[in-house]
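# Topology and contacts: notes
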Amino acid sequence: MTNKTLIEIKNLHATINDTKILNGVNLTVKQGEIHAIMGPNGSGKSTLAKVIAGHPSYSIIEGSILFNNKELKEISPEERAHLGIFLAFQYPVEIPGVSNADFLRIAYNAKRQYSNLEELDPLTFFELIHQKLNLIEMDSKFLSRNVNEGFSGGEKKRNEILQMALLDPSISILDETDSGLDIDALKIIANGINKLKNNNNAIILITHYQRLLDYIAPDFVHVMQNGQIKYTGDAKLAKQLEKDGYDLLNTVIL
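One structure accompanies this document, and this report is about it. (Residues numbered from 1 in each chain as written. Predicted model: local features only at pLDDT ≥ 70, side-chain atom pairs only at ≥ 80, totals over all residues. Heavy atoms only, no water.)

A general trend in soluble globular proteins is that nonpolar side chains are found buried together. Of all hydrophobic cores here, the largest spans 41 residues; its most connected members are Ile-161, Leu-174 and Leu-205. The residues touching Leu-174, leaving out its near neighbours within four places in the chain, are Phe-86, Ala-88, Ile-161, Met-164, Ile-193, Ile-203, Ile-204, Leu-205 and Ile-206. (Core = buried A, V, L, I, M, F, W, Y, C linked by side-chain atoms within 4.5 Å. Buried < 20%, exposed > 50% of the residue type's maximum accessible area, 1.4 Å probe, protein only. Contact = heavy atoms within 4.5 Å.)

The following block contains the structure:
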């Protein structure tokens, strides 16, 4: 049986502050797949992630993004999240005065409300979130702390994966989740991501480095350059880039 296409991006061009960043991106992601997107700084990787999620600072000037055959261009970021698109930020923001537990419960109940399901009371939610904490080896004390406030880089990234575990999105876009992590934190986060991957969802990993892909095996590796996906290969491509750098593209593509 052929896996269902979750996202289909066709000839996507996008700008921020009248500066062109994406110059015709084409990408198809199906259920059960892990796609890694690599490329030099400024190639458009993070911009692509934000455009898919609906960041208001970016404008699509040409092309389309279909999610479950539904055009996303006119859909708000909030509704995209409710539909099943999740973005883990490269630099997760702090939210002073809001506890992790309250933030997560509100986000989870907002999604349930969108799906016409009954909201969970605090006690039932507490039981659910503890199951998710165990999945990513996270201490329950983080629930009482304000969102990302005073968290280390690894704790912030683990908190993002906790949100992913709770919201159970159809497609998760992880923007440099590996940046700033020591090897132990990297292994824990990679292990959590692997546990959350299944045949009904898909994951897009945006990364500079091969090391994350030592723990999460991608089905496809895409290389972005100048706002386009210039080359696609399998997991071996990431190892080749680690060895030879992005100069490899000049010999492969030209």
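Attention shifts here to the sheet that holds strand 2 (residues 19-30). If you trace the four strands from one edge of the open sheet to the other, you get 2-1-4-5, paired in antiparallel fashion. Only two strands of the sheet have a single neighbouring strand rather than two, namely strand 2 and strand 5 (70-71). (Pairing = 2+ DSSP bridges. Helix = DSSP H or I, 4+ residues; strand = E, 2+ residues; numbered from the N terminus.)

Scanning the model with the defined rule gives two aromatic pairs in all. An angle of 45° between the planes, with centres 6.0 Å apart, marks the rings of Tyr-108 and Phe-125 as tilted. One end of the pair, Tyr-108, is in helix 3 (residues 100-114); the other, Phe-125, is in helix 4 (residues 122-135), and 17 residues separate them in sequence. For the pair shown, Tyr-108 and Phe-125 are each scored as buried. Measuring from centroid to centroid gives 5.3 Å for Phe-142 and Phe-151, while their planes differ by 75°, and the two rings are edge-to-face. The pair formed by Phe-142 and Phe-151 is uniform in burial state, with each residue classed as buried. (Phe/Tyr/Trp six-rings, centres within 6.5 Å; stacked < 30°, edge-to-face > 60°.)

On the surface, Glu-118, Glu-119, Asp-121 and Glu-127 cluster together to form a negatively charged patch. Structurally, Asp-121 can be placed in the loop between helix 3 and helix 4. (Patch = residues over 30% accessible without salt bridge, like charges linked within 9 Å, V, L, I, M, F, W, Y side chains within 5 Å. Areas by Shrake-Rupley, 256 points an atom, 1.4 Å probe, with all protein chains shown as cover. Salt bridge = Lys/Arg side-chain N within 4 Å of Asp/Glu carboxyl O. Lys, Arg positive; Asp, Glu negative; His and termini not counted. Charge placed at Lys NZ, Arg CZ, Asp CG, Glu CD.)

Pairing analysis gives eight bridges linking strand 1 (residues 5-16) to strand 4 (residues 58-67), with the strands arranged antiparallel. The residue of strand 4 that forms the bridge with Thr-15 is Ser-59. One ladder, built from two bridges, connects strand 4 with strand 5; its direction is antiparallel. Residue pairing across strands places Leu-66 opposite Glu-71, the latter belonging to strand 5.

Turning to helix 4, a few remarks are in order. Given 3.6 residues to a turn, an α-helix orients residues that are three or four positions apart in the same direction. In a regular helix each residue adds 1.5 Å, so 14 residues correspond to 20 Å; helix 4 covers 20 Å between its end C-alpha atoms and thus fits that length. Against helix 3 and helix 5 (153-167) lie the buried residues of helix 4. At the N-terminal end of helix 4, a side-chain oxygen is found 3.0 Å from the backbone nitrogen of Leu-123, two or three residues along, and the residue is Asp-121. Positive phi shows up at Glu-137, right after helix 4, with a value of about 55°. (Expected span 1.5 Å × (residues − 1). Polar contact = N/O pair within 3.5 Å; in protein donor to acceptor, adjacent residues only side chain to side chain.)

So, on to the packing of helix 3 against helix 4. Between two packed helices, both the angle of their axes relative to each other and the distance between the axes serve to describe the pair. In the contact formed by helix 3 and helix 4, the axes pass within 11 Å of each other and the chain directions differ by 100°. With respect to helix 4, the axis of helix 3 lies roughly perpendicular. Residues Ala-101, Leu-104, Arg-105 and Tyr-108 of helix 3 form the contact with helix 4, whose own contacting residues are Pro-122, Phe-125, Leu-128 and Ile-129. Here the contact of helix 3 with helix 4 is built from residues that sort into seven nonpolar, no polar and one charged. (Axes fitted to C-alpha atoms, helices over the stretch in contact; angles between N-to-C directions. Parallel < 35°, antiparallel > 145°, perpendicular 65-115°, else oblique. Nonpolar A, V, L, I, M, F, W, Y, C, P; charged D, E, K, R; others polar.)

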